[in-house]
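A structural walkthrough
Next come the chains, spelled out residue by residue.
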Amino acid sequence: MVVRTLSGRAPKITMPTGAVDTQMHMYLPGFPALPGGPDLPAGGLPDAEQYRRFMKWLGIDRVIITQGNAHQRDNGNLIACLSEMGDVARGVAVISGDTTDNELDSLAEAGVVGARIMDLPGGAVGLDALEQVDARAAARNWMVAVQFDGSNIAEHEQRLSAIKSRWVFDHHGKFFCGVTPQSPQIDVLKRLIDKGNCWFKFAGVYETAKKPGPDYADVADVARAIAAYAPERIVWGTNWPHNLAKTTADYPDDSLLTDTVLGWFADDAARKLALVSNPETLFNLPAFTAA
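I will try to describe carefully the structure that is included in this document. Per chain, residues are indexed from 1 in the order of the written sequence. Local features in this predicted model are restricted to residues of pLDDT 70 or higher, and side-chain atom pairs are both shown and tallied only at a pLDDT of 80 or more, whereas totals for entire chains, interfaces and linings draw on every residue. Water and hydrogen atoms play no part in the side-chain values, which are based on all heavy atoms of the structure.

Here we look at the overall build of the protein
Formally: In DSSP terms, a helix is any run of H or I states spanning at least four residues, a strand is any run of E spanning at least two, and both are numbered starting from the N terminus. Note on method: radius of gyration uses C-alpha positions; expected globular size equals 2.2 Å times residues raised to 0.38. Relative accessible area decides the class of each residue, using a 1.4 Å probe on protein chains only: under 20% of the type maximum gives buried, over 50% gives exposed, and in between gives partly exposed. Here, residues are in contact when the closest pair of their heavy atoms is within 4.5 Å. The accessible surface values rely on the Shrake-Rupley method and a 1.4 Å probe; as for residues, cover is taken only from the protein chains in view.
Along the protein, the regular secondary structure elements total nine helices and eight strands. The C-alpha radius of gyration computed for the protein amounts to 17 Å, which stays within 12% of the reference 19 Å derived for 291 residues, consistent with globular compactness. Looking at the 291 residues of the protein, the share that counts as buried comes to 56%. Excluding contacts between residues fewer than 6 apart, the proportion of contacts in the protein whose partners are at least 24 apart in sequence is 76%. Counting only carbon and sulfur atoms, one obtains 51% of the accessible surface of the protein, whose full area is about 12000 Å².

Structural notes on the pattern of salt bridges
For the record, the criterion: One side-chain nitrogen of Lys or Arg within 4 Å of one carboxyl oxygen of Asp or Glu is enough to make a salt bridge.
Tallied over the full model, the rule gives 11 salt bridges. For the salt bridge of Arg191 with Glu157, the shortest nitrogen-to-oxygen distance reads 2.8 Å. Of this pair, Arg191 sits in helix α6 (residues 184–194) while Glu157 sits in helix α5 (residues 153–161), placing them 34 residues apart in sequence. By relative accessible area, which is 43% here, Arg191 ends up partly exposed. Two residues, Lys174 and Glu207, come together in a salt bridge whose shortest N-O distance is 2.9 Å. Taken as a pair, Lys174 in the loop between β6 (166–169) and α6 and Glu207 in the loop between β7 (198–202) and α7 (217–229) lie far apart in primary sequence, 33 residues in all. In terms of burial, Lys174 and Glu207 fall into one category: buried.

Remarks on the sheet that holds β6
Condition: A pair of strands is treated as paired once DSSP finds two or more bridges between them. Between N-to-C directions, angles span 0 to 180 degrees; the directions come from axes that are lines fitted to C-alpha atoms, helices contributing only their stretch in contact.
Pairing within the open sheet is parallel, and its eight strands lie in the order β1-β2-β3-β4-β5-β6-β7-β8. A single partner strand is all that each edge strand has here, and the edge strands are β1 (20–24) and β8 (234–236). The sheet shows a mean angle of 25 degrees between the axes of neighbouring strands, taken without regard to direction. With three bridges connecting them, β7 and β8 associate as parallel partners. Residue pairing for β8: Lys201 is matched across the bridge by Val235. Where helix α9 (residues 268–282) meets the sheet, it contacts β1, β2 (62–66), β5 (143–147), β6, β7 and β8, and its direction lies at approximately 105 degrees from that of β8.

Right under this line is the structure:
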């Protein structure tokens, strides 16, 4: 059983106006888990009402809703979530080379601005479809979110370098092998960033850290190095509702986690880039205007 905390002590680091949470999932009733993916999250559906409370707690103004693996290639839940959240939300869907133009039109009308590659267990579309998904995304000025075990990034460098769309390397790179700022994998990441269309996402630090929280010192070292190397190429996400947490004891303190991760940026100017300007560029968002 999981009880999600949705309010409490505000983070010590104040979010800039227009802050975008670029990595989260949301689930509404009527959309069951599908074969090939994981079950729906433990502890009841993390829905729009819960997430709105969460946004208010942390100081988030906008959100990118990512299609969850539980729903595989059926984007119906994502479309419903985007409708429920309104103009503060945009979506990253699962598509393939076979997705029809009519389906893509419907996704775009619903607020989808990107496509997802998830080459880990439970993912609906993996790296084998990278070129096809990239071509469909580039034709619509969408971005591509790419997630795989970054331990092997060198093997994929040529293909990743050829991506035409704006794209983001997800979840701190998912370097399951463990890396340092001096690791060859980080050299590859820097070369990809230098191509000009690659971003790096700070989200889900606990999924790959070898050192314990709340500091996650190994991932923190790499994050600080990349943030210093290319502050204009970092985006941030909460990874709410922390789907890997199966019990309340496993569930992170989101206020503390936010302070930890945002503390890896050099200053408020770097945080504003990562939370406002960079996601606006990556996801092709309009400039923020308060309601």
